[in-house]
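Commentary on secondary and tertiary structure
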Amino acid sequence: MGAFLINGGYRLEGKLKVQGSKNASLPILAATILNSNKNIIKNMPDIIDISVMMSILRILGAKVLRIDDGVIVDTSNVDKWEVPEILMRKMRSSIILMGPLLAKFGRVRVSYPGGCEIGPRPIDLHLKGLAALGVEIKEGYGFITAETGKLKGNDIHLDFPSVGATENLMIAAALAEGRTVIRNAAKEPEIIDLQNFLNRMGCQIRGAGTDTIKITGCKIEDLKPVDEYSVIPDRIAAGTYLIACAATKGHVILENVISEHIEPLLAKMREMGCNINSYNDRIELTAEEPLKALENLRTLPYPGFPTDLQAPMMSLLSIAEGTSVIIETIFENRFKHAEELRRMGANIKINGNTAIITGVKKLTGAVVEAKDLRAGAALVIAGLCAEGTTVVEGISHIERGYENFDRNLQNLGARITRID
Ligand SMILES: CC(=O)N[C@H]1[C@@H](OP(=O)(O)OP(=O)(O)OC[C@H]2O[C@@H](n3ccc(=O)[nH]c3=O)[C@H](O)[C@@H]2O)O[C@H](CO)[C@@H](O)[C@@H]1O
Ligand SMILES: C=C(OP(=O)(O)O)C(=O)O
């Protein structure tokens, strides 16, 4: 496993074009199974999770080709409905393949998915929703086998606005007989992107971005290829770079962003004292003054503060003036980075889902381990502003979601090198 070696204390300065969204790309790739056709998708990041999804599609029979800034996916020869366990377990999004495979073949066999270890991640809402669409589900020996004569539209109320369950059900219902309504649906921007992509192939979906999504099922033969689609920018990657900039008292301009998607973060960073100018597709951040602590940072479903930026924010709050409180409401065990930050001199107390962070004057370099994707990004940020040398181990987690993380940071002036 590789590591990042960071010499801290250098200001980030310059311009950066942000990658396409991991969490939008993954369900969109899975959805290409529906139209049995050639699709060209741009702004798709070159990261491990996308490579895993591409491998799964190939195993199912698709032709998948990386092109500059995107992929071509031809699903006309997809003829398998079983996903190998080894690939299922590599990421969480593999579960999103259930919807499209059921829609296309009326059957699917998968194992339980993998993904970041941030607490229990059940899939009961996915399975309950699919059962409501007429799917018979059998679980046993670590596998899920699901079958349906024909998917039938239904009214589904999600107990929680799960991002993945909303996506899985949208894709399955796109080819179900009749109308499906998903209530208490997730409202994340990635859901809107999936709706836009599905509608481009001829599906009939409305309401994404609100808590009620209405889907009129259509026939597989009515679907068409998607000649060119561009995935939305990655709001979590953009947020990570903004936080890194603030931690080093830097000045960056991010391009390829949708500012509105990052507003929940920008509001908190302004509260801390960052100077931010946001335009539609560009954000400029300067952090010169000492940053202030946040009394209340609560992770919530969109448009609340994203759980995926909680770890990076904890690094920043570690060096803010005063005492901050973070409440993690989405995942049960998403504070593993706190222990590693403490090794770097951070003052963090954890009590259940609450973290109390008393800002220190400076962090100091140490050898730390990335235990999940965003925790890894958080440790890199800590290393960038710490005094001395930091080694972040376990960077394969980081490379699941960030494209050229070290090179992008180097281009902004960071002293970071990858060591194998
Ligand atoms: C690939 C992708 O898009 N990943 C994102 C997606 O993950 P993911 O889609 O897995 O997240 P969910 O929105 O489903 O999970 C949110 C909460 O719901 C619970 N839950 C979920 C499904 C279910 O069947 N039962 C259940 O109890 C989860 O345990 C968690 O506590 O949204 C998360 C929340 O914004 C983000 O952190 C992840 O980056
Ligand atoms: C938790 C994340 O990813 P996944 O759901 O793919 O594990 C993430 O992107 O922060």
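Residues numbered from 1 in each chain as written. Chains lettered and ligands numbered in written order. Predicted model: local features only at pLDDT ≥ 70, side-chain atom pairs only at ≥ 80, totals over all residues.

1. Considerations on the site of ligand 1
Near ligand 1 lie 21 residues; those nearest to it are N23, L125, S162, V163 and G164. Among the elements of the structure, α1 (22–31), α5 (124–132) and α6 (163–173) are those that each provide at least two residues to the shell around ligand 1. Among the domains, domain 1 (3–19 + 233–419) and domain 2 (22–230) are the pair contributing at least three residues each to the shell around ligand 1. (Near = placed C-beta within 6 Å. Helix = DSSP H or I, 4+ residues; strand = E, 2+ residues; numbered from the N terminus. Domains from an automatic or database assignment.)

2. Let's talk about the nonpolar core
Counting 143 residues, the largest nonpolar core has M170, A174, L242, A246 and I381 as its most contacted members. The residues that make up this core include at least three from each of domain 1 (3–19 + 233–419) and domain 2 (22–230). Aside from chain neighbours lying at most four places away, what touches L242 is L254, L265, M269, I283 and L285. (Core = buried A, V, L, I, M, F, W, Y, C linked by C-beta atoms within 7 Å. Buried ≥ 20, exposed ≤ 12 C-beta atoms within 10 Å, placed from the backbone. Contact = placed C-beta atoms within 7 Å.)

3. What to know about the UniProt feature "active site" (unreviewed entry) in the protein
Under the UniProt annotation, the feature "active site" (unreviewed entry) is placed at C116. In this view, C116 contacts R92, D372 and L373; residues no more than four positions away in its chain are not counted. (UniProt positions renumbered as here; feature names shortened; annotations may be inferred.)

4. Side note on the site of ligand 2
All residues in the neighbourhood of ligand 2 are listed as N23, M91, R92, S93, G115, C116, D308, L373, R374 and G401. Here the shell around ligand 2 is built from residues that sort into 3 nonpolar, 4 polar and 3 charged. Residue contributions to the shell around ligand 2 reach at least three from each of two domains, namely domain 1 (3–19 + 233–419) and domain 2 (22–230). (Nonpolar A, V, L, I, M, F, W, Y, C, P; charged D, E, K, R; others polar.)

5. Brief notes about the pairing of strand β10 (residues 179–183)
Because side chains alternate across β10, one face comprises the buried residues T180 and I182, and the other comprises R179, V181 and R183, none of which is buried. Where strand β9 (residues 155–157) lies against β10, 3 bridges are found, and the strand directions are parallel. Across the sheet, residue D155 finds its bridge partner in β10, namely V181. Handedness of the β9-α6-β10 crossover: right-handed. Pairing geometry for β10 and strand β12 (residues 212–216), over 5 bridges, is antiparallel. Considered in β12, the bridge of R183 is made with T212. (Pairing = 2+ DSSP bridges. Right-handed = clockwise from strand over helix to strand, strands pointing away.)

6. Describing helix α12 (residues 373–385)
With 13 residues, α12 should reach 18 Å at 1.5 Å per residue; the first-to-last C-alpha distance of 19 Å fits that figure. Within α12, 13 of the 13 residues are buried, which leaves it mostly tucked inside the rest of the structure. (Expected span 1.5 Å × (residues − 1).)

7. Side note on unusual backbone geometry
Backbone torsion omega between Y302 and P303 reads 10°, so that peptide bond is classified as cis. Checked against the element boundaries, P303 lands in the loop between β17 (297–298) and α10 (310–317). Even without being a glycine, K249 presents a positive backbone phi close to 55°. Within the secondary structure, K249 is located in the loop between α8 (235–247) and β14 (251–255). Non-glycine residue N404 carries a positive phi angle of around 45°. The residue N404 is located in the loop between α13 (396–399) and α14 (405–411) in this model.

8. Considering the domain arrangement of the protein
Per the domain assignment, the segments of the protein are domain 1 (3–19 + 233–419) and domain 2 (22–230). Tallied by class, residues from the side of domain 1 that touches domain 2 come to 6 nonpolar, 5 polar and 8 charged.

9. Details of the environment of Y279
Of note, Y279 is situated in strand β15 (residues 275–279). Accessibility expressed as a C-beta count within 10 Å gives 11 for Y279, which makes it exposed. Linking Y279 and P301, residues 22 residues apart in sequence, is a C-alpha distance of 24 Å.

10. Brief notes about the sheet that holds strand β19 (residues 347–351)
Strand pairs in the sheet, formed through backbone hydrogen bonds, run parallel or antiparallel to each other. Pairing within the open sheet is mixed, and its 4 strands lie in the order β17-β18-β20-β19. Strands with a single pairing partner mark the edges of an open sheet, and in this sheet they are β17 and β19. Relative to strand β18 (residues 323–327), β17 is paired through 2 bridges, and the arrangement is parallel. Bridge pairing links R298 to I327 in β18.

11. Re the UniProt feature "binding site: phosphoenolpyruvate" (unreviewed entry) in the protein
Under the feature "binding site: phosphoenolpyruvate" (unreviewed entry), the UniProt entry names K22 and N23. On the secondary structure map, K22 appears in helix α1. Ignoring sequence-local partners within four residues, the contact set of K22 consists of P45, I47, D49, D234 and G401. By secondary structure assignment, the location of N23 is in helix α1. Using a count of 26 C-beta atoms within 10 Å as the deciding quantity, one classes N23 as buried.

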